[in-house]
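Descriptive analysis of the structure
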Amino acid sequence: MIRLIRVPIDLAALQASSPADGALCLFAGIVRNENKGKKVLYLEYEAYEDMALALMERIGAEARAKWPITDLRMVHRLGRLEIGEASVAVAVASPHRTEAFAACRFLIDTLKAQVPIWKKEYYADGSAWLEEAKPALPRS
């Protein structure tokens, strides 16, 4: 399951595993109330959706080729998110924990670095897009 959604992420629904699995690794990125000394009120995410989903699928296939994964799930929220809400989640099921941890780390790190999803932080005195090393595509 690889998705971009505009509703809260159901972390419990990401925890699928099979009888062959000995490990389930779940990472959830949570909206925090502070960044670089500034109080954050809420976030907004935008994406180049078609490209983002295609890249997420490619990243998932790459992880499956590197590790013995029985299941993987990646979900990223779009739109407005409040403090404490999950913005992204990655779950990996595998027979062994070493591979589950490695694949989960690879998936979230690669998603954050390559997938065209942008974050805007809102503060009491304004807002700012957070620039990360991603494709330079137009945003609204």
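Here's what I pulled together on the structure shown here.

Cut-offs and rules
- Residues numbered from 1 in each chain as written.
- Predicted model: local features only at pLDDT ≥ 70, side-chain atom pairs only at ≥ 80, totals over all residues.
- Heavy atoms only, no water.
- Helix = DSSP H or I, 4+ residues; strand = E, 2+ residues; numbered from the N terminus.
- Rg over C-alpha atoms; globule rule 2.2 N^0.38 Å.
- Buried < 20%, exposed > 50% of the residue type's maximum accessible area, 1.4 Å probe, protein only.
- Lys, Arg positive; Asp, Glu negative; His and termini not counted.
- Charge placed at Lys NZ, Arg CZ, Asp CG, Glu CD.
- Pairing = 2+ DSSP bridges.
- Axes fitted to C-alpha atoms, helices over the stretch in contact; angles between N-to-C directions.
- Core = buried A, V, L, I, M, F, W, Y, C linked by side-chain atoms within 4.5 Å.
- Contact = heavy atoms within 4.5 Å.
- Expected span 1.5 Å × (residues − 1).
- Arc of directions from axis to C-beta.
- Parallel < 35°, antiparallel > 145°, perpendicular 65-115°, else oblique.
- Left-handed = near helix turned anticlockwise from the far one by under 90°.
- Nonpolar A, V, L, I, M, F, W, Y, C, P; charged D, E, K, R; others polar.

1. Some details on the overall build of the chain
Helix and strand content of the chain: two helices and 10 strands. Beginning at the N terminus, the succession of helices and strands in the chain can be written as β-β-β-β-β-α-β-β-β-α-β-β. Since a compact globule built from 140 residues should have a radius of gyration of about 14 Å, the 16 Å found for the chain is in line with a globular shape. Judged by the C-alpha coordinates and their principal axes, the chain covers about 50 × 30 × 25 Å. Per-residue burial for the chain yields a buried fraction of 43% across its 140 residues. Here the chain carries 19 positive and 18 negative side-chain charges, and the mean point of each set is 2 Å from the other.

2. Re the sheet that holds strand β10 (residues 126–130)
Pairing within the open sheet is antiparallel, and its four strands lie in the order β7-β5-β9-β10. Strand pairing shows two members of the sheet lacking a second neighbour, β7 (79–82) and β10, which therefore form its edges. Averaged over all pairs of adjacent strands, the angle between strand axes in this sheet comes to 25 degrees, irrespective of strand direction. Here strand β9 (residues 117–123) pairs with β10 via five bridges, running antiparallel. Opposite K120, over in β10, you have W129 as the bridge partner.

3. Description of the nonpolar core
Residues L72, M74, V92, L107 and V115 are the most contacted members of the largest nonpolar core, which totals 32 residues. Mapped by element, the contributors of at least two residues to this core are β1 (2–5), β2 (23–30), β5 (42–47), α1 (49–66), β6 (71–77), β8 (86–94), α2 (97–114) and β9. Ranked by the residues each element gives to this core, the list is headed by α2, at seven residues. Those residues in contact with V92 that sit more than four places away from it in its chain are A23, L24, C25, I69, D71, L72, A100, A103, C104 and L107. Membership of the second largest hydrophobic core comes to seven residues, among which are I5, I9, A89 and A91.

4. Focus on α1
Here α1 spans 26 Å end to end across 18 residues, near enough to the 26 Å set by a 1.5 Å rise per residue. Listed in full, the buried residues belonging to α1 are A52, L55, M56, I59, G60 and A63. Along the axis of α1, the buried residues cluster in a sector spanning 140 degrees; they form a single face. Residues of α1 that are exposed and point more than 90 degrees away from the buried face comprise D50 and A65. Looking at the packing, one finds that the buried side of α1 touches β1, β5, β6, α2 and β9.

5. Focus: the packing of α1 against α2
Close contact between α1 and α2 brings their axes to 10 Å; oriented N to C, the two are set at 150 degrees. Between α1 and α2, the angle is such that the two are roughly antiparallel. Helix-helix and strand crossings are classified by hand; for α1 and α2 the assignment is right-handed. Contact residues: α1 offers L55, M56, R58, I59, G60, E62, A63 and K66, while α2 offers F106, L107, T110, L111 and Q114. Its residues placed into classes, the contact of α1 with α2 shows seven nonpolar, three polar and three charged.

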